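# Tertiary structure, described
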Amino acid sequence: MGSDKQSVGLLETLKMERVRTILTHRYPYPHEHSRHAIIAVVVGCLFFISSDNMHTLIQKLDNNIKWWSMYGCLLGFFYFFSSPFIGKTIKPSYSNFSRWYIAWILVAALYHLPSFLSMGVDLRMNLSLFLTIYVSSILFLLVFHIMFLGLWYIGLVARVAGKKPEILTIIQNCAVLSIACCVFYSHCGNRAILRQKPFERRNSSWFSFWKKEERNTWVSKFIRMNELKDQVCSSWFAPVGSASDYPLLSKWVIYGELACSGSCPGSSDEISPIYSLWATFIGLYIANYVVERSSGWALTHPLSVKEYEELKKKQMKPDFLDMVPWYSGTSADLFKTAFDLLVSVTVFVGRFDMRMMQASMNKVEDGVLQGDILYDHFSEKEDLWFDFMADTGDGGNSSYTIARLLAQPSIRVNTKDSFCVLPRGDLLLIGGDLAYPNPSAFTYERRLFCPFEYALQPPPWYKVEHIAVNKPEVPCGLSELKQYDGPQCFVIPGNHDWFDGLNTFMRYICHKSWLGGWFMPQKKSYFALQLPNGWWVFGLDLALHADIDVYQFKFFVELIKDKNVGENDSVIIMTHEPNWLLNCYWNDVSGRNVSHLICDYLKGRCKLRMAGDLHHYMHHSCVSSDKPVYVQHLLVNGCGGAFLHPTHVFSNFSELYGASYKCEAAYPSFEDSSRIALGNILKFRKKNWQFDFIGGIIYFVLVFSMFPQCKLDHILRDDSFSGHMRSFFSTMWDAFMYMLEHSYVSLAGAMLLLMAAITFVPPKLSRKKRVIIGILHVSTHLAAALVLMLLLELGIETCIRHKLLATSGYHTLYQWYRTVESEHFPDPTGLRVRIEQWTFGLYPACIKYLMSAFDVPEVMAVTRSNICKKGLLSLSRGGAAIYYASVFLYFWVFSTPVVSLVFGSYLYICINWLHIHFDEGFSSLRIANYKSFTRFHLKSDGDLEVFTLAVDKVPKEWKLDPDWDGEQPKQMSHLREFPSKWNAAVTQQDPISTVRIVDHFIIPRTEKT
């Protein structure tokens, strides 16, 4: 009994319910051990290379300047292609694909160039050995896992072992141990060192280097890196013994090459050091896996339940979506957006309007529309705080940043002389564009509701699937809306919300009661709010017409005529689009019904017009004059979470309804806006790497008909640099003329691209200017594509002239490896032959065709030579397809960085010099920073004080807020002191700490007459 109690107590002390492991997906990075192993292998490789060659590398560089220049050019293109993915996680599938793609074709190109041999690295041997060990390791581990699962199935191992291993873990471990073996072979070889002094070797210790009497010897050996490397090879990686020491293994091992001074009697039966290294890695993997899966223990320290839960909380992060990739060539959302927009414009606009259906369902009470559109439950308050934001639902970080600020019970901000505390708004007004790129259940839930629910949680009885059929559904215990003291929300739709005919907006806004912790009593897409002290808010729905419909116009006119809006009242007009800026920019006239309502019915009572749509902040106020002023202040604030828009392209606005206006504030400033546009030149591809699919294919089509270029002798024969350049551009012009005279595919591609480029130029400019800009744009792309085509052809031609390519044909790497395999890896027992028989030829076939994948440059060069000798018609369709596919593999890498650079430069020039493409030029940058919202204080004396709060830098990393986690939950989340679940991982970057006032003004109430 006593022992039983002790054992129970011991188990409780250990708390082994949860065990961290390095082999399961629960660990934050399931291949952490492999990452460390990769680092160790790279460090070891650098050590061996430096020990052998640093003392001669500079001298050899002078003798191989041509090849090192080619290396620099090749590696430069590959770097620029892969630069957007450096330092990123493997979550984006294209990012992960690009890493493997780059590794594949870069190695395939490098092993054909000679200069790595001067560093003691034979890439052909390393590549062949890597692929052989890699395939062997995968096959071995797969057989092991199948056997282990079989033992689990019949019950010979613990039930916990039933979980299948992750394939990625197996692949990465095999890659690491293969690289380690290749590095060892490159610098130590496969030598079987005769062990004549076993006791002396056993007693030697590397720690003797740290003995005082031998410290000078260690320093001297460190200086002579060659000797140090040899001692590492002989002492640390020496063979484990001979096959005769292990009779059972004598037929199952690979032997090493015999290495001894003088003549060596007989052949070596020493086990290969590479085989020993491989077996050690495989053994460690198997031991770790068996122990962990059989006993529940892993080869790491276990954690208690309490420690595990605390660690789990620290590692918790919100599942925010990234900014929408507007230039993605693979995004289904963008194609759906284009389709929805096409349908909405061609089918719904002018034919069917959801606003008409809403008008037909309104309730009429006392001669005016009540209940469904008019809300007066705020009118009896003495004063009121309310907020305005627009254009949210893009990136999760930016949307949550604004939602977190809106949810705080109060915000403390510094002013010029002191500070002020701004309490949370009782009312939140959202000015449209709730989710990007299109309205759908997914975008509304993940891009809109998710950030707002993290910022201010909905009540516990709220259900996602609930449909509000009788709004307002006030919380239990309340009989009417005016008794509810929590924050409320009213929303108007934007153009993106209309892409599906307002279907998603009606479902998620007009038929749901909660946006996070904000109560939504709204029933229609437009509304009128009666505020205290004679203030009103008219929320207008402009749809895709940029104007209100006649039924909406009738409602607001009747509201004004029936004296609901008094002669001394003040009105705030909220629309999605800022017609005053867009009409000035496009030199157009829109919103005629809105203008009619403001000028002929409100007659000066409109004190403020505010809108979103443009993702920046601008405030204009009227200039005193003798002319009538219909609107005193114009405010645009679309910084609710979407990408940033420039301000400097709208700096010319100065007049509306005959009155003059001046810009009081712009965020970002005109100077900052112009500076930000510069990012298109260098950051376009980093922000829009999915554009590769479009750009790379376009460039390849432009030069498709010009491959191959067989007559390049005159370029290579010139002696001077100027001669080379003249010949190069002369050949480039000849290729262009060939395209115009003989090409079909490339000429058709160029013409289609020209038409697309001219159409892409905004209609703001005249047709003549649009044609000129389109021609210049396409000419730049075509010239860049021709230059890249000639550079690729020159590189191949140079390698052919120096007998590095087009020498052997297909499968050259495999054929070469088989010739040296028997020499450097003796197999007297015929192990390789037996494996080939047991796998029915699958084992050598896998290696053969895997190696042929690295012969892409050879395939390209051999086929090119045949075309130049016999003509393109001599190729079969399959041969032509293989040739152009191999060319595309490399040309795509060269072209994608260049096409992004050219297109980004085009956008920069258009934005800053021509002031066009403001939408296209800033959506490409996907800037999450520069976010803001506007907080209003309607004072008891009737004045309206306006604060615009902004955050310059949006945090990218979040962590669980310990104050929120430790606070006792309340029935209504707006009563909590800490309502938001996440705060910034870096405290100094939290929006609550960095928010500041960028604009502050007061709108006085209308004096009674």
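### Considerations on the overall build of the chain
A count of helices and strands for the chain gives 34 helices and 25 strands. Here the analysis covers contacts within the chain between residues at least 6 apart in sequence; of these, 81% occur between residues at least 24 apart.

### Considering the sheet that holds strand S13 (residues 527-531)
Overall, mixed pairing links the nine strands, which are arranged S5-S13-S14-S15-S16-S18-S17-S20-S19 in an open sheet. Edge strands, defined here as strands with exactly one partner in the open sheet, are strand S5 (374-375) and strand S19 (655-656). Relative to strand S20 (residues 659-667), strand S17 (residues 617-622) runs antiparallel, the two being bridged by six bridges. By the bridge assignment, serine 621 is partnered in S20 with lysine 662. Together, strand S14 (535-539), strand S15 (570-574), strand S16 (606-611) and strand S18 (631-637) form the strand contacts of helix H19 (residues 592-602), whose direction differs from that of S16 by roughly 165 degrees.

### A closer look at the side chain of glutamine 552
As for its position among the elements, glutamine 552 is in helix H17 (residues 550-561). Within the local environment of glutamine 552, its side chain forms a polar contact with the backbone nitrogen of aspartate 541, the two atoms lying 2.7 Å apart.

### A closer look at the nonpolar core
Across soluble globular proteins, nonpolar side chains have a tendency to be buried as a group. Grouped together as the largest cluster of nonpolar side chains are 242 residues, with contacts concentrated most on Leu429, Leu531, Phe538, Tyr699, Phe707 and Tyr890. The biggest single contributor to this core is helix H31 (residues 877-914), with 18 residues. Discounting residues that sit within four places of it in the chain, tyrosine 699 has contacts with His781, Ala784, Ala785, Leu788, Phe891, Ser895, Val898, Val899 and Val902.

### Observations regarding the state of the cysteines
The term disulfide refers to a covalent linkage connecting the sulfur atoms of a pair of cysteines. If you walk through the whole model with that rule in mind, you get one disulfide. What pairs with cysteine 710 in a disulfide is cysteine 868, and their sulfur atoms sit 2.0 Å apart. Given an S-S torsion of about -85 degrees, the disulfide between cysteine 710 and cysteine 868 has left-handed geometry. Here the residue cysteine 710 occupies a position in the loop between helix H22 (692-703) and helix H23 (713-717), and cysteine 868 occupies one in helix H30 (residues 856-870), the gap between them amounting to 158 residues. Of the residues examined, cysteine 710 reaches a relative accessible area of 32% and is grouped as partly exposed. Cysteine 599 forms no disulfide, and the closest cysteine sulfur to it belongs to cysteine 606, at a distance of 9.2 Å. A relative accessible area of 15% places cysteine 599 in the buried class.

### Details of the pattern of salt bridges
The full count for this structure, using the stated rule, is 17 salt bridges. A salt bridge links lysine 482 to glutamate 380, with the shortest nitrogen-to-oxygen separation between them at 3.2 Å. Of the two residues, lysine 482 is situated in the loop between helix H15 (441-455) and strand S10 (488-491) and glutamate 380 in the loop between S5 and strand S6 (384-389); the sequence distance between them amounts to 102 residues. With a relative accessible area of 40%, lysine 482 lands in the partly exposed category. Overall, the relative accessible area of 62% leaves glutamate 380 in the exposed class. With its nearest N and O atoms 3.5 Å apart, the salt bridge here joins glutamate 967 to arginine 976. With respect to burial, glutamate 967 and arginine 976 carry one shared label: buried.

### Things to note about helix H29 (residues 842-852)
Every buried residue of H29 is accounted for by Tyr843, Pro844, Ile847 and Met851. Here the buried residues of H29 occupy an arc of 95 degrees about the axis, which is enough to place them on one side.

### What about the packing of aromatic side chains?
Evaluated as defined, the whole model comprises 55 aromatic pairs. When the ring of tyrosine 327 is compared with that of phenylalanine 684, the centres are 5.3 Å apart and the planes differ by 70 degrees; the resulting orientation is edge-to-face. In this pair, tyrosine 327 sits in the loop between helix H11 (305-315) and helix H12 (332-348) while phenylalanine 684 sits in helix H21 (residues 679-687), placing the two residues 357 residues apart along the sequence. The pair tyrosine 327 / phenylalanine 684 is uniform in exposure class, with both members buried. Taken together, a centroid distance of 5.1 Å and an interplanar angle of 70 degrees make the contact between phenylalanine 700 and phenylalanine 888 edge-to-face.

### What about the side chain of glutamate 967?
For glutamate 967, the location among the structural elements is in the loop between helix H33 (962-966) and strand S24 (982-984). Classification of glutamate 967 by relative accessible area gives buried; the value is 15%. Sequence-distant contacts of glutamate 967, defined by excluding residues within four places in its chain, comprise Arg976, Glu977 and Phe978.

### Some remarks on the packing of helix H24 (residues 721-742) against helix H26 (residues 767-801)
Orientation of H24 relative to H26, taken along the N-to-C sense of each, is 115 degrees, at an axis distance of 10 Å. Regarding H24 and H26, the two cross each other, and that crossing is right-handed. In contact with Phe728, Thr731, Met732, Ala735, Phe736 and Met739 of H24, H26 contributes Leu782, Ala783, Leu786, Val787, Met789, Leu790, Leu791 and Leu794. Here the residues of the contact of H24 with H26 sort into 13 nonpolar, one polar and no charged.

### A closer look at the pairing of strand S21 (residues 931-938)
In terms of burial, S21 is largely enclosed, as eight of its eight residues are buried. Side-chain alternation along S21 places Lys931, Phe933, Arg935 and His937 on one buried face and Ser932, Thr934, Phe936 and Leu938 on a second face that is also buried. When S6 meets S21, the two strands line up antiparallel, connected through five bridges. Within the sheet, the bridge partner assigned to phenylalanine 386 lies in S21 and is phenylalanine 936. Judged from the eight bridges that link them, S21 and strand S22 (residues 944-951) form a sheet pairing that is antiparallel. Note that in S22 the partner of threonine 934 across the bridge is threonine 948.

### Focus: the packing of helix H5 (residues 123-153) against helix H6 (residues 167-188)
Running from N to C, H5 and H6 cross one another at 140 degrees; their axes reach a closest spacing of 8 Å. By crossing handedness, the relation of H5 to H6 is classed as right-handed. Touching Met125, Asn126, Leu129, Phe130, Ile133, Tyr134, Ser137, Ile138, Leu141 and His145 of H5 are Ile170, Ile171, Cys174, Ala175, Leu177, Ser178, Ile179, Cys181, Cys182, Tyr185 and Ser186, all from H6. A class-by-class count of the residues in the contact of H5 with H6 yields 16 nonpolar, five polar and no charged.

### Some remarks on H19
Of all the residues in H19, the buried ones are Val594, Ser595, Leu597, Ile598, Cys599 and Leu602. In this structure, the buried residues of H19 make contact with S14, H17, S15, S16 and S18. Following H19 by one or two positions, lysine 603 adopts a phi angle in the positive range, close to 50 degrees.

### Digging into the environment of glycine 76
In this structure, glycine 76 sits in helix H3 (residues 65-82). Overall, the relative accessible area of 21% leaves glycine 76 in the partly exposed class. As a C-alpha pair, glycine 76 and phenylalanine 894 span 818 residues in sequence and 9.4 Å in three-dimensional space.

Criteria and thresholds
Residues numbered from 1 in each chain as written. Predicted model: local features only at pLDDT ≥ 70, side-chain atom pairs only at ≥ 80, totals over all residues. Heavy atoms only, no water. Helix = DSSP H or I, 4+ residues; strand = E, 2+ residues; numbered from the N terminus. Contact = heavy atoms within 4.5 Å. Pairing = 2+ DSSP bridges. Axes fitted to C-alpha atoms, helices over the stretch in contact; angles between N-to-C directions. Polar contact = N/O pair within 3.5 Å; in protein donor to acceptor, adjacent residues only side chain to side chain. Core = buried A, V, L, I, M, F, W, Y, C linked by side-chain atoms within 4.5 Å. Buried < 20%, exposed > 50% of the residue type's maximum accessible area, 1.4 Å probe, protein only. Disulfide = S-S within 2.5 Å. Salt bridge = Lys/Arg side-chain N within 4 Å of Asp/Glu carboxyl O. Arc of directions from axis to C-beta. Phe/Tyr/Trp six-rings, centres within 6.5 Å; stacked < 30°, edge-to-face > 60°. Left-handed = near helix turned anticlockwise from the far one by under 90°. Nonpolar A, V, L, I, M, F, W, Y, C, P; charged D, E, K, R; others polar.

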